[in-house]
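# Examining the three-dimensional arrangement
Residues per chain, in single letters:
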Amino acid sequence: MKKKITVIGLGYVGLPTLLLFSETNKFKVIGYDNNKKILNDIKKGKTKMNEKKVKIILKKNIKKKNFDIHDKLSRSDVFIITVPSNINKKLRQNILPLTDVVEKISDVLEEKNLIIIETTSELGTTDYLKEIIFRKNKKLFNGSITKPKFFMAYCPERVFPGNSFYEIKNNPRLIGGINEKSNKEAKKIFSYFSKKIFLTDNKTAEISKLVENSYRNVQIGFVNELANYAFKKNLNIKEIIELSNLHPRINLLNPGIGVGGHCIPIDPFFLIKREFQNFKILNSSIKANNLRTKFITNIIQSNIKKNKIKEINFFGATYKADIADFRQSPSLKIINKLSKFKKIKLNIHDPYIFSSTLKTKKNLSINPKINLNKKFLLNVLLVSHKKYKKLKKLSKILDFTF
Ligand SMILES: NC(=O)c1ccc[n+]([C@@H]2O[C@H](COP(=O)([O-])OP(=O)(O)OC[C@H]3O[C@@H](n4cnc5c(N)ncnc54)[C@H](O)[C@@H]3O)[C@@H](O)[C@H]2O)c1
């Protein structure tokens, strides 16, 4: 009989994961999410993911009945948890999605089942979730919390939106089991599509994921700070970076207008809020990235005053180019801040934006007919979507892209 795999949380990570297991034809695959609309959409072949390949494979697997969608969790040989890692008001991980799922799993968990957690998490989360199961169902342990009869592993995801299948299959996969048997079981499952697998323990896997995104935050923070400095000193940041990168061991990134997405601006907090004394550089880079967004806002603001601007066209609102993701978008932060100038008409243009993405304000319109050459008009390019290639050549545009 085929083993049953249940993927829990069918978003950017969960849906392609579900589809990759469906494609193997080796498992009975179930998808579960606590959002009924998402479940109904997936059943109809609809997804928020703007990836052609995901849409095609989704439709193909629906047609072949390669997976089922359930609105309740039931027994399963493998549970893969891909719920979000939100952040709470104290800038700590909101662990509720994980605890909610694990409480539900404990009601149906059986001996020798495997729980895989992919959700980016603070250090110690896997052990804490194991404790929840221990409190709820002691029969699943051989007398002590250190002797579970089930398997559990923390396996962080490194996918880059836009190329999900390739990335999930080809990025080196970390498996951090709570014991060696868990590592062995998790490895068997991921071997169906992961090409490179590395085994470790749960805590090392948890911290490695946070280190990866914190490292990116620091790299971005440094060039963003450098870009502000170059602007103040009237230096060409592009040239500085190109020349510095000629050094064989230097690889500076391009600066942006801050940092966005739901990983790089957020995950570092999971490190610094617990371990502030140990991560001062990281704390500074978070500040530097926020400062960059304020710096850009101030440049636009002074332009408004200097040129008596009455209308602004903003090009680009997603958190980065060519994806339909607005989470933590610095572009939206800039636009929201400037919308306080109630007498200025703000036009937001983005191929991926819909009216519902933004709280509508009176002076703000989304994707209106664009006129580039009015009097007292300011054009601002914030995101380098491929479609905006021609805009970069305009002489009358504030271009913050690279
Ligand atoms: N998106 C990425 O590119 C990416 C890359 C690497 C790692 N990650 C990590 O993977 C995890 C998932 O991210 P995502 O982008 O797929 O998130 P997402 O928001 O796109 O998807 C999460 C899904 O979980 C569902 N969910 C929330 N609470 C639930 C609950 N209690 N029970 C059942 N379902 C629930 C939501 O409805 C949603 O559909 C996060 O920890 C994220 O940091 C994401």
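Residues numbered from 1 in each chain as written. Predicted model: local features only at pLDDT ≥ 70, side-chain atom pairs only at ≥ 80, totals over all residues.

## Describing the overall build of the protein chain
Secondary structure summary: the protein chain contains 12 helices and 13 strands in total. Relative to a compact globule of 402 residues, whose C-alpha radius of gyration would be 21 Å, the protein chain shows 24 Å and is just as compact. Projected onto the principal axes, the alpha-carbon positions of the protein chain cover approximately 75 × 50 × 40 Å. Here the protein chain holds 402 residues, and 38% of them are scored as buried. Once local pairs closer than 6 in sequence are excluded, the contacts in the protein chain between residues at least 24 apart make up 71%. (Helix = DSSP H or I, 4+ residues; strand = E, 2+ residues; numbered from the N terminus. Rg over C-alpha atoms; globule rule 2.2 N^0.38 Å. Buried ≥ 20, exposed ≤ 12 C-beta atoms within 10 Å, placed from the backbone. Contact = placed C-beta atoms within 7 Å.)

## Overview of the site of the ligand
Taken together, 26 residues surround the ligand, and among them Gly-9, Gly-11, Tyr-12, Val-13 and Ser-85 come closest. The dominant element in the shell around the ligand, judged by the number of residues it contributes, is helix α4 (residues 96–108), at three residues. (Near = placed C-beta within 6 Å.)

## A short note on the pairing of strand β5 (residues 114–117)
Of the two faces of β5, the one carrying Leu-114 and Ile-116 and the one carrying Ile-115 and Ile-117 are both buried. Across four bridges, strand β4 (residues 78–81) lies against β5 in parallel orientation. Its bridge partner lying in β5, Val-78 is registered against Leu-114. In the classification by handedness, the crossover that spans β4, the intervening α4 and the parallel β5 is right-handed. Between the parallel pair β5 and strand β6 (residues 151–154), the chain is carried across by helix α5 (residues 125–136), and the sense of this crossover is right-handed. (Pairing = 2+ DSSP bridges. Right-handed = clockwise from strand over helix to strand, strands pointing away.)

## Considering the domain arrangement of the protein chain
Annotation of the protein chain at the domain level lists domain 1 (3–195) and domain 2 (235–399). For domain 1 and domain 2, the distance between their C-alpha centres works out to 34 Å. Opposite the 10 residues of domain 1 that make contact, domain 2 presents 12 residues. Residues of the side of domain 1 that touches domain 2, tallied by class, amount to four nonpolar, four polar and two charged. (Domains from an automatic or database assignment. Nonpolar A, V, L, I, M, F, W, Y, C, P; charged D, E, K, R; others polar.)

## Describing the sheet that holds strand β7 (residues 173–177)
Taken in spatial order, the eight strands make up an open sheet running β3-β2-β1-β4-β5-β6-β7-β8, and their pairing is mixed. The outermost strands of the open sheet, each flanked by one partner alone, are β3 (67–70) and β8 (197–201). Direction aside, the axes of adjacent strands within the sheet are offset by 25° on average. Where strand β1 (residues 3–8) and β4 come together, four bridges link them in parallel fashion. For Thr-6, the partnering residue across the bridge sits in β4 and is Phe-79. (Axes fitted to C-alpha atoms, helices over the stretch in contact; angles between N-to-C directions.)

## Some points on the nonpolar core
Ile-81, Ile-116 and Ala-153 are the most contacted members of the largest nonpolar core, which totals 51 residues. Considering every element that reaches this core, the biggest residue donor is helix α1 (residues 14–24), with five residues. In this structure, Ile-116 is in contact with Val-78, Phe-79, Ile-80, Ile-81, Ala-153, Cys-155 and Ala-186, ignoring residues within four places of it in sequence. Counting 19 residues, the second largest nonpolar core, distinct from the first, contains Ile-296, Ile-300, Ile-312 and Leu-391. (Core = buried A, V, L, I, M, F, W, Y, C linked by C-beta atoms within 7 Å.)

## Overview of α4
With 13 residues, α4 should reach 18 Å at 1.5 Å per residue; the first-to-last C-alpha distance of 19 Å fits that figure. Residues of α4 that are buried include every one of Leu-98, Val-101, Val-102 and Ile-105, and no others. In a view along the axis of α4, the buried residues occupy a sector of 100°, so they form one face of it. The outward face of α4, more than 90 degrees from its buried face, is lined by the exposed residues Leu-96 and Asp-107. Of the surrounding secondary structure, the elements contacted by the buried residues of α4 are β1, β4, β5 and α5. (Expected span 1.5 Å × (residues − 1). Arc of directions from axis to C-beta.)

## Digging into the environment of Phe-134
Locating Phe-134 in the fold gives a position in helix α5. Considering only alpha carbons, one finds Phe-134 and Pro-148, 14 residues apart in sequence, at a separation of 8.4 Å.

## Describing the sheet that holds strand β13 (residues 398–399)
Across the sheet, five strands lie side by side as β11-β10-β9-β12-β13; this open sheet has parallel pairing. Edge positions in the sheet fall to β11 (364–366) and β13, since each of these pairs with one other strand and no more. Inspection of the sheet shows strand β12 (residues 377–381) paired to β13 by two bridges, in the parallel sense. Considered in β13, the bridge of Val-380 is made with Leu-398.

## A short note on the environment of Gly-176
Here Gly-176 lies in strand β7. Between the alpha carbons of Gly-176 and His-70 there is a distance of 28 Å; along the sequence they are 106 residues apart. For Gly-176, the contacting residues outside a window of four places in its chain are Ala-153, Tyr-154, Cys-155, Thr-200, Asp-201, Asn-202, Thr-204, Ala-205 and Glu-206.

## Structural notes on the packing of α1 against helix α3 (residues 52–63)
Between α1 and α3, the shortest axis-to-axis distance is 10 Å and the interhelical angle comes to 50°. In terms of axis orientation, α1 runs oblique to α3. As α1 runs across α3, the sense of the crossing is left-handed. Here α1 contributes Leu-15, Pro-16, Leu-19, Ser-22 and Glu-23 to the contact with α3, which in turn contributes Val-54, Ile-57, Leu-58 and Asn-61. (Parallel < 35°, antiparallel > 145°, perpendicular 65-115°, else oblique. Left-handed = near helix turned anticlockwise from the far one by under 90°.)

## Section: unusual backbone geometry
In terms of backbone geometry, most residues other than glycine have negative phi values and most peptide bonds are trans. Phi is positive for Asn-25, which is not a glycine, with a value near 65°. As for its position among the elements, Asn-25 is in the loop between α1 and β2 (27–32). In this structure Asn-25 comes out as exposed when scored by C-beta crowding, with 12 C-beta atoms within 10 Å. The backbone of Gln-328 shows a phi angle near 55°, a positive value even though the residue is not glycine. Here Gln-328 is to be found in the loop between β9 (311–315) and α12 (330–338).

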